[in-house]
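A structural walkthrough
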Amino acid sequence: MTAAAPATSVAASVGCLRAVASFSSSTYSHFLSTSRIPRFVKPHFISLPSFVASRPLVASASMSYDKELAAAKKAASLAACLCQKVQKELLQSDVQSKSDRSPVTVADYGSQAIVSFVLERELSAEPFSLVAEEDSGDLRKDSGKDTLQRITKLVNETIATDGSYSASPLSPEDVLRAIDSGKSEGGSFGRHWVLDPIDGTKGFLRGEQYAVALALLDDGKVVLGVLACPNLPLASIAGNVTSENAVGCLFFAKVGSGTFMQSLDGSSPVKVHVSDIGNSEDASFFESYEKAHSMHDLAGSIARKLGVKAPPVRIDSQAKYGALSRGDGAIYMRFPHKGYREKIWDHAAGCIVVTEAGGVVTDAAGQPLDFSQGRYLDLDTGIIVTNQKLMPSLLKAVRESLEEKSSLL
Ligand SMILES: Nc1ncnc2c1ncn2[C@@H]1O[C@H](COP(=O)(O)OS(=O)(=O)O)[C@@H](OP(=O)(O)O)[C@H]1O
Ligand SMILES: [Mg+2]
Ligand SMILES: [Mg+2]
Ligand SMILES: [Mg+2]
């Protein structure tokens, strides 16, 4: 699945404003009054006073996270509106390069500013910690002034379409501050939002798949995740084909509650489930579009061992996790080249979207991903994702292929 359909993207972007409006803060005001221990008594950087230490250590199971999920859906949907607008008008001049030479666009910055703004507004009673991909360094330089003006305009226009924030428009300084709220280091204690404002920037630039990926960690565990995929068809993309033109999916998952998908223009959510294929010959697999991001030859050798007949489906971004969560394919394999360190924002939202849909996400050694170690994932070799039935044979094939590869070196 690659190309976005321009006509349907326009329809989705108009519609998504309706959907965002329906996540109004007033609809969950009752959750504010029934919330658990106030967030302001939960310090992130200092030693625990006894009244906080008495709080159950395993927070996730008993928490509802309803207002956080509503805020996350609203934030990601509004950010997706901004991205859709930019993708339609994409100009080469909008693309900057970070020091690692990865691309970054006005939409990456604008999306991060919007998510940060919306979460802070919607959850103002809670301390706010955000681990996010972008920072404002380049925008603060003289050479970034015009870009910053453009981002500020885009952010204000997008926020205005929602109608629930009546305050005066954000200044460029407000936008820089909102972007820089994303500098948190995360960790194993307390709550941290994790954001990839555009995952798959290269896909975004090609006019293809990308995702706004937002998750919440509580004491190091992912407890909710939202994936907005503006160009992903609402219908299945199994076999790399789709019969329908309508695009724009919002996946969301909360610990213990399953995974749901709705259209970005606000249809009712439907519960999704991973494929229940048990015979690997019938499975199809996803992998990164970019060869530089994952060793396609290694995934190919694993697929041959499993007897997979279908060719790989190459799409950008965590849209792969979303598509897998609804059963469009059964396996996702990702084997970065030596030396690359995976970031938590590239997997946190996708991971809970798949696991709550009944899937399994592990590293190449079969260990669950650990999101509690800061901005990076500390993992063995690669990431594999599939359903419960296929995981044992997939792990075996991965182990054998890795052994063969290392014996050749
Ligand atoms: N060398 C290398 N190896 C592995 N991964 C890398 C590498 N370089 C970048 N990245 C990260 O890949 C993110 C894009 O996700 P995907 O790999 O799924 O997309 S793609 O299909 O390859 O476009 C991409 O996320 P974004 O920067 O948000 O687009 C990067 O974090
Ligand atoms: Mg990037
Ligand atoms: Mg990314
Ligand atoms: Mg990104």
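Above this text sits the structure in question.
Conventions and cut-offs
- Residues numbered from 1 in each chain as written.
- Chains lettered and ligands numbered in written order.
- Predicted model: local features only at pLDDT ≥ 70, side-chain atom pairs only at ≥ 80, totals over all residues.
- Heavy atoms only, no water.
- Core = buried A, V, L, I, M, F, W, Y, C linked by side-chain atoms within 4.5 Å.
- Buried < 20%, exposed > 50% of the residue type's maximum accessible area, 1.4 Å probe, protein only.
- Helix = DSSP H or I, 4+ residues; strand = E, 2+ residues; numbered from the N terminus.
- Contact = heavy atoms within 4.5 Å.
- Pairing = 2+ DSSP bridges.
- Axes fitted to C-alpha atoms, helices over the stretch in contact; angles between N-to-C directions.
- Parallel < 35°, antiparallel > 145°, perpendicular 65-115°, else oblique.
- Left-handed = near helix turned anticlockwise from the far one by under 90°.
- Nonpolar A, V, L, I, M, F, W, Y, C, P; charged D, E, K, R; others polar.
- Near = heavy atom within 4 Å.
- Polar contact = N/O pair within 3.5 Å; in protein donor to acceptor, adjacent residues only side chain to side chain.
- Domains from an automatic or database assignment.
- Donors = N, O, S within 2.8 Å, 3.2 Å for Na, K, Ca; no water.
- Salt bridge = Lys/Arg side-chain N within 4 Å of Asp/Glu carboxyl O.

Things to note about the nonpolar core
- If you look at the biggest cluster of nonpolar residues, it comprises 53 residues, and the most contacted ones within it are Val115, Leu119, Val155, Trp193, Val212 and Leu214.
- Per-element accounting of this core gives the leading share, eleven residues, to helix H4 (residues 66–88).
- Setting aside its immediate chain neighbours within four residues, valine 115 contacts Ala75, Ala79, Leu195, Val212 and Leu214.
- Of all hydrophobic cores here, the second largest spans 40 residues; its members include Ala213, Cys229, Phe286 and Leu377.

Digging into the sheet that holds strand E9 (residues 270–272)
- As summarised here, the arrangement of the seven strands in space is E3-E4-E5-E6-E7-E8-E9, forming an open sheet in which the pairing is mixed. A strand with exactly one partner marks an edge of an open sheet, and here the two such strands are strand E3 (130–132) and E9. Taking the axes of each pair of neighbouring strands and ignoring which way they run, one obtains an average angle of 20° across the sheet.
- Helix-sheet contacts for H4 involve strand E4 (191–199), strand E5 (211–218), strand E6 (221–233), strand E7 (247–254) and strand E8 (259–263), and the interaxial angle to E6 is about 30°.
- Each of E3, E4 and E5 is contacted by helix H5 (residues 106–122), which is oriented at about 150° to E4, the strand it contacts most.

Looking at the packing of H4 against H5
- Interhelical geometry of H4 versus H5 gives an angle of 155° and a closest axis separation of 8 Å. The angle between H4 and H5 falls in the class roughly antiparallel. You can see that H4 and H5 cross each other, and the crossing is right-handed. When H4 is examined against H5, the residues Ala71, Ala72, Lys74, Ala75, Leu78, Ala79, Leu82, Cys83 and Val86 are found in contact with a partner set consisting of Val106, Ala107, Gly110, Ser111, Ile114, Val115, Val118, Leu119 and Glu122.
- Among the residues forming the contact of H4 with H5, the class breakdown is 14 nonpolar, two polar and two charged.

Considering the sheet that holds strand E13 (residues 359–363)
- Ordered in space as E11-E10-E12-E14-E13, the five strands form an open sheet in which the pairing is mixed. Bordering the open sheet on either side are strand E11 (313–314) and E13, each of which pairs with just one other strand.
- Here strand E12 (residues 331–334) runs beside strand E14 (residues 383–387); their pairing, made up of three bridges, is antiparallel. Directly across from tyrosine 332, in E14, lies its bridge partner valine 385.

Regarding the site of ligand 1
- Residues in close proximity to ligand 1 total 20 residues, the closest being Tyr289, His293, Asp316, Lys320 and Asp346.
- One of the backbone N or O atoms of isoleucine 315 is found 3.3 Å from an oxygen atom in ligand 1.
- Between ligand 1 and the protein, one listed contact pairs a nitrogen atom with a side-chain N or O atom of tyrosine 340 at 3.1 Å.
- For the shell around ligand 1, the element with the most residues is E4, which contributes three residues.
- Along the lines of polarity and charge, the residues of the shell around ligand 1 split into seven nonpolar, five polar and eight charged.
- For the shell around ligand 1, the two domains that each supply at least three residues are domain 1 (61–223) and domain 2 (275–407).

Description of helix H7 (residues 172–180)
- When we look at burial in H7, the residues that qualify are Val175, Leu176, Ala178, Ile179 and Asp180.
- Its buried side turned inward, H7 meets H5 and helix H6 (145–162).

Quick look at the coordination of the magnesium ion (ligand 4)
- At 2.0 to 2.2 Å from the magnesium ion (ligand 4) lie its protein donor atoms, namely Glu133 (OE), Asp196 (OD) and Ile198 (O).
- Sequence positions of the residues that donate to the magnesium ion (ligand 4) give the spacing E-x62-D-x1-I.
- Separating the magnesium ion (ligand 4) from the magnesium ion (ligand 2) is a gap of 3.6 Å, which glutamate 133 spans by donating to each of them.
- Given the relative accessible area of 1%, aspartate 196 is considered buried.

Remarks on the pattern of salt bridges
- Per the stated rule, a full pass over the model turns up 27 salt bridges.
- In this structure, lysine 67 and glutamate 68 form a salt bridge, with 3.2 Å as the shortest nitrogen-oxygen distance. Like lysine 67, the residue glutamate 68 is buried in the burial classification.
- With a relative accessible area of 3%, glutamate 68 lands in the buried category.
- Through salt bridges with shared partners, one network takes in Lys67, Glu68, Glu126, Arg191 and Asp218.

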